[in-house]
Amino acid sequence: LPEGTWNDIHQRRRDTGQAAMQAWRDAAGLRSYTLLAQGQTVPRLLTAARELDACMILCGSRQLSLAERLWTSSIGTVLAAAAHLPVGVLPTAG
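Residues numbered from 1 in each chain as written. Predicted model: local features only at pLDDT ≥ 70, side-chain atom pairs only at ≥ 80, totals over all residues. Heavy atoms only, no water.

A. How the structure looks around the overall build of the protein chain. In terms of regular secondary structure, the protein chain is built from 4 helices and 2 strands. In the protein chain, the succession of helices and strands from N to C terminus is α-α-β-α-α-β. Taken along the three principal axes of its C-alpha coordinates, the protein chain extends 45 × 30 × 25 Å. Across the 94 residues in the protein chain, those meeting the buried criterion constitute 20%. Separation between the mean location of the 9 positive side-chain charges and that of the 7 negative ones in the protein chain comes to 5 Å. (Helix = DSSP H or I, 4+ residues; strand = E, 2+ residues; numbered from the N terminus. Buried < 20%, exposed > 50% of the residue type's maximum accessible area, 1.4 Å probe, protein only. Lys, Arg positive; Asp, Glu negative; His and termini not counted. Charge placed at Lys NZ, Arg CZ, Asp CG, Glu CD.)

Here it is as C-alpha cells:
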C-alpha cells in the first residue's frame, strides 16, 4: 500500500462513524459531546464521562463476527462491563 493509505482509511472510517452518530443524535433530539479515542479507549471514555457528569455513553458498532470477537475486543462490551453508567451501542447503518 502507498504511504499514508492506512491512515487515510482510518480517517474516512472515523469521519463516516462520527457523521452517522451526529445524524442519529440530531434525529433523536439529543445533546451530546463527541470524543473520538484511540489507544486506551475505554479508560479515556470513562474518564471523560465522569468529568462531563454524563448520564450515558453511546458508542458505535463494528459488527464483529464471531471469529473476529475471538481475536478483537469489542469496545462496547468492555465499556458496558466497566462503566459506572448506562452504555448504548448503536448499530451501523445498512
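B. Representation of the nonpolar core in the model. In this structure, Val-42, Leu-45, Leu-46, Ala-49, Ile-57, Cys-59, Leu-79, Ala-83 and Leu-85 together form the largest nonpolar core, which totals 9 residues. Put simply, the parts of the chain that give this core at least two residues each are helix 2 (41–51) and strand 1 (57–60). Broken down by element, the residue count for this core peaks at 4 residues, all from helix 2. Apart from the residues within four sequence positions on either side, Cys-59 is in contact with Met-21, Gly-76, Leu-79, Val-87, Gly-88, Val-89 and Leu-90. (Core = buried A, V, L, I, M, F, W, Y, C linked by side-chain atoms within 4.5 Å. Contact = heavy atoms within 4.5 Å.)

C. Structural detail: unusual backbone geometry. Positive phi, close to 55 degrees, is recorded for Asp-53, a residue that is not glycine. Tracing the chain through its elements places Asp-53 in the loop between helix 2 and strand 1. Overall, Asp-53 belongs to the exposed group, its relative accessible area being 68%.

D. Spotlight on the state of the cysteines. Tallied over the entire structure, the rule returns 0 disulfides. You can see Cys-55 has no disulfide; the closest cysteine sulfur is in Cys-59, sitting 15 Å from it. In this structure Cys-55 comes out as exposed when scored by relative accessible area, which is 66%. (Disulfide = S-S within 2.5 Å.)

E. Geometry of a nonpolar patch on the surface. On the surface, Trp-24, Leu-30, Met-56 and Leu-58 cluster together into a nonpolar patch covering about 350 Å² of accessible area. You can see Trp-24 is positioned in helix 1 (residues 5–28). Note on Trp-24: relative accessible area 38%, which makes it partly exposed. (Patch = residues over 30% accessible without salt bridge, like charges linked within 9 Å, V, L, I, M, F, W, Y side chains within 5 Å. Areas by Shrake-Rupley, 256 points an atom, 1.4 Å probe, with all protein chains shown as cover. Salt bridge = Lys/Arg side-chain N within 4 Å of Asp/Glu carboxyl O.)

F. Region of interest: the packing of helix 2 against helix 4 (residues 75–82). With their axes 10 Å apart at the nearest point, helix 2 and helix 4 run at an angle of 50 degrees to one another. One way to sum up the angle between helix 2 and helix 4 is to call them oblique. Remark: the crossing between helix 2 and helix 4 carries right-handed chirality. On the side of helix 2, the interface is formed by Thr-41, Val-42, Leu-45 and Leu-46, while helix 4 contributes Ile-75, Val-78, Leu-79 and Ala-82. In terms of residue class, the contact of helix 2 with helix 4 is made up of 7 nonpolar, 1 polar and no charged. (Axes fitted to C-alpha atoms, helices over the stretch in contact; angles between N-to-C directions. Parallel < 35°, antiparallel > 145°, perpendicular 65-115°, else oblique. Left-handed = near helix turned anticlockwise from the far one by under 90°. Nonpolar A, V, L, I, M, F, W, Y, C, P; charged D, E, K, R; others polar.)

G. Structural detail: helix 2. Those residues of helix 2 lying buried are Thr-41, Val-42, Leu-45, Leu-46, Ala-48 and Ala-49. Axial view of helix 2: buried residues confined to an arc of 160 degrees, hence all on one face. Residues of helix 2 that are exposed and point over 90 degrees away from its buried face: Arg-50 and Glu-51. (Arc of directions from axis to C-beta.)

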